[in-house]
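Residue-level structure breakdown
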Amino acid sequence: MPEVIFNGPVGRLEGRYQPSHEKNAPIAIILHPHPQFGGTMNNKIVYDLFELFQKRKFTTLRFNFRGIGRSQGDFDHGAGELLDAAAALDWLQALHPDSKTCWVAGYSFGAWIGMQLLMRRPEIEGFISVAPQPNIYDFSFLAPCPSSGLIIHGDQDMVTQVREVQILVDKLQAQKGITITQKILNGANHFFTDKTKKLLEKCEEYLDSRISCQRRHGSKRHKSIRSILKSEVVSF
């Protein structure tokens, strides 16, 4: 996968980019965990999510937020990182003007940034939010949430407990016109120690179901997916 450097709001941003061979392929952007706690684009879960979309012929990008790796700038407590994500999407769309839709996937801090990005960009039609932290970050901006997506987390997460994520999920599920699919992995902590394979399996199942549904029912956002995307608890 090509190493890329592209312009961000406060300087260069470093990324890894895999274009699709299909001209009008959708775009996927993968966002990494908290930069001040070791989060980078090379995080194992971020890398696996990148491959998940790439194998399904998405044009895919993961990148380092400002101040990480060769990305210029300093940590900006989320505001600047959101601008970085928007710049990354702008860069991809300029390279692929025939791509009309986009997905965003984020892990932990990256999930918070990704959910903010989808509020600002109507072309984002789906999301995967891994281990979001509504007890730490404010998700009240999701009013309403514009896209259907997956929220997946572990029942042994000591950073954000199940009940805290459940409040967010319940709030979003009450909104009309979208479907929020929740999956809880038994035995998984915030880092999915020894559970990353199961995490990726569930993300794959969700994305494949969305792709299959779109092929059957057309590209209209959210059409006819409520019946097949349901909340579940995963046991293993």
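Everything discussed here concerns the structure shown above.
The structure contained in this document is the topic of the report that follows.

How each quantity is defined
Residues numbered from 1 in each chain as written. Predicted model: local features only at pLDDT ≥ 70, side-chain atom pairs only at ≥ 80, totals over all residues. Heavy atoms only, no water. Helix = DSSP H or I, 4+ residues; strand = E, 2+ residues; numbered from the N terminus. Rg over C-alpha atoms; globule rule 2.2 N^0.38 Å. Buried < 20%, exposed > 50% of the residue type's maximum accessible area, 1.4 Å probe, protein only. Areas by Shrake-Rupley, 256 points an atom, 1.4 Å probe, with all protein chains shown as cover. Lys, Arg positive; Asp, Glu negative; His and termini not counted. Charge placed at Lys NZ, Arg CZ, Asp CG, Glu CD. Axes fitted to C-alpha atoms, helices over the stretch in contact; angles between N-to-C directions. Parallel < 35°, antiparallel > 145°, perpendicular 65-115°, else oblique. Left-handed = near helix turned anticlockwise from the far one by under 90°. Contact = heavy atoms within 4.5 Å. Nonpolar A, V, L, I, M, F, W, Y, C, P; charged D, E, K, R; others polar. Phe/Tyr/Trp six-rings, centres within 6.5 Å; stacked < 30°, edge-to-face > 60°. Lys NZ or Arg CZ within 6 Å of the ring centre and 35° of its normal. Pairing = 2+ DSSP bridges. Right-handed = clockwise from strand over helix to strand, strands pointing away. 1 Å grid on protein atoms, 1.4 Å probe; cavity = no way out; pocket = protein on both sides within 12 Å on 5 of 7 lines; lining within 4 Å. Points joined across faces, edges and corners; volume = space filled by probe spheres on them.

1. Things to note about the overall build of the protein
- Secondary structure summary: the protein contains 5 helices and 9 strands in total.
- Helices (α) and strands (β) of the protein occur, in sequence order from the N terminus, as β-β-β-α-β-α-β-α-β-β-α-β-α-β.
- By the compact-globule yardstick of 18 Å for 236 residues, the protein fits well, its C-alpha radius of gyration being 16 Å.
- Across its three principal directions, the C-alpha atoms of the protein cover 40 × 40 × 35 Å.
- Within the protein, the fraction of its 236 residues that count as buried is 53%.
- Accessible surface, the protein: about 10,400 Å² in total, of which carbon and sulfur atoms supply 50%.
- Looking at the protein, you have 29 positive and 24 negative side-chain charges, and the mean spots of the two groups are 7 Å apart.

2. Describing unusual backbone geometry
- Note that the residue after alanine 143, namely proline 144, is joined by a cis bond; omega there is -5°.
- As for its placement among the helices and strands, proline 144 is situated in the loop between β6 (124-130) and β7 (148-154).
- In this structure, histidine 77 is a non-glycine residue whose phi angle is positive, near 60°.
- Mapped onto the secondary structure, histidine 77 falls in the loop between β4 (59-63) and α2 (79-95).

3. Comments concerning the packing of helix α1 (residues 44-54) against helix α5 (residues 196-217)
- The interhelical angle for the contact between α1 and α5, taken along N-to-C directions, is 30°, at an axis separation of 11 Å. As summarised for this structure, α1 and α5 are arranged roughly parallel, according to the angle between their axes. The chirality of how α1 crosses α5 is right-handed. In this structure, α1 contributes Ile45, Asp48, Leu49, Leu52 and Phe53 to the contact, and α5 contributes Thr196, Leu199, Leu200, Cys203, Glu204 and Leu207.
- The class makeup of the residues in the contact of α1 with α5 is 8 nonpolar, 1 polar and 2 charged.

4. Details of the packing of aromatic side chains
- Summed over all chains, the structure comprises 14 aromatic pairs.
- The interplanar angle of 70° and the centroid separation of 6.1 Å between the aromatic rings of phenylalanine 6 and phenylalanine 63 together place this pair among those described as edge-to-face. Highlighted residues: phenylalanine 6 in strand β1 (residues 3-8) and phenylalanine 63 in strand β4, separated in sequence by 57 residues.
- Using a relative accessible area of 2% as the deciding quantity, one classes phenylalanine 6 as buried.
- Residues phenylalanine 6 and tryptophan 91 carry aromatic rings whose centres are separated by 4.9 Å and whose planes lie at 20° to one another, so their mutual orientation is stacked. Of this pair, phenylalanine 6 sits in strand β1 while tryptophan 91 sits in helix α2, and the two are 85 residues apart along the sequence.
- These aromatic residues form a ring-pair network of at least three members: Phe6, Tyr17, Phe63, Phe65, Phe75, Trp91, Phe109, Trp112 and Tyr137.
- One cation-aromatic arrangement involves arginine 62 over phenylalanine 50; the distance from NZ or CZ to the ring centre is 5.1 Å.

5. With respect to the pairing of β7
- Along β7, 7 of the 7 residues are buried, which leaves the element largely enclosed by surrounding structure.
- With burial as the criterion, each face of β7 is covered, one bearing Ser148, Leu150, Ile152 and Gly154 and the other bearing Gly149, Ile151 and His153.
- As paired strands, β6 and β7 are joined by 5 bridges and run parallel to one another. Bridging from a neighbouring strand, valine 130 pairs with isoleucine 152 of β7.
- Two elements, β7 and strand β8 (residues 180-185), share 6 bridges in a ladder whose sense is parallel. Bridged to glycine 149 within β8 is isoleucine 180.
- Each parallel crossover has a hand, and the one from β7 via helix α4 (residues 162-173) to β8 is right-handed.

6. Overview of the layout of surface pockets
- Each pocket or cavity is described by its volume, and for the largest pocket that value is around 460 Å³.
- What lines the largest pocket is a set of 17 residues, and nearest its centre among them are Pro26, Phe58, Ile211, Gln214 and Arg215.
- Of all the elements, α5 adds the most residues to the lining of the largest pocket, at 5 residues.
- Here the residues of the lining of the largest pocket sort into 5 nonpolar, 3 polar and 9 charged.
- Lining of the second largest pocket is provided by 15 residues; of these, Pro33, Phe37, Ser108, His190 and Phe191 occupy positions nearest its centre.
- Classifying every residue of the lining of the second largest pocket by side-chain character gives 8 nonpolar, 7 polar and no charged.

Distances and angles like these do not, on their own, reveal function.
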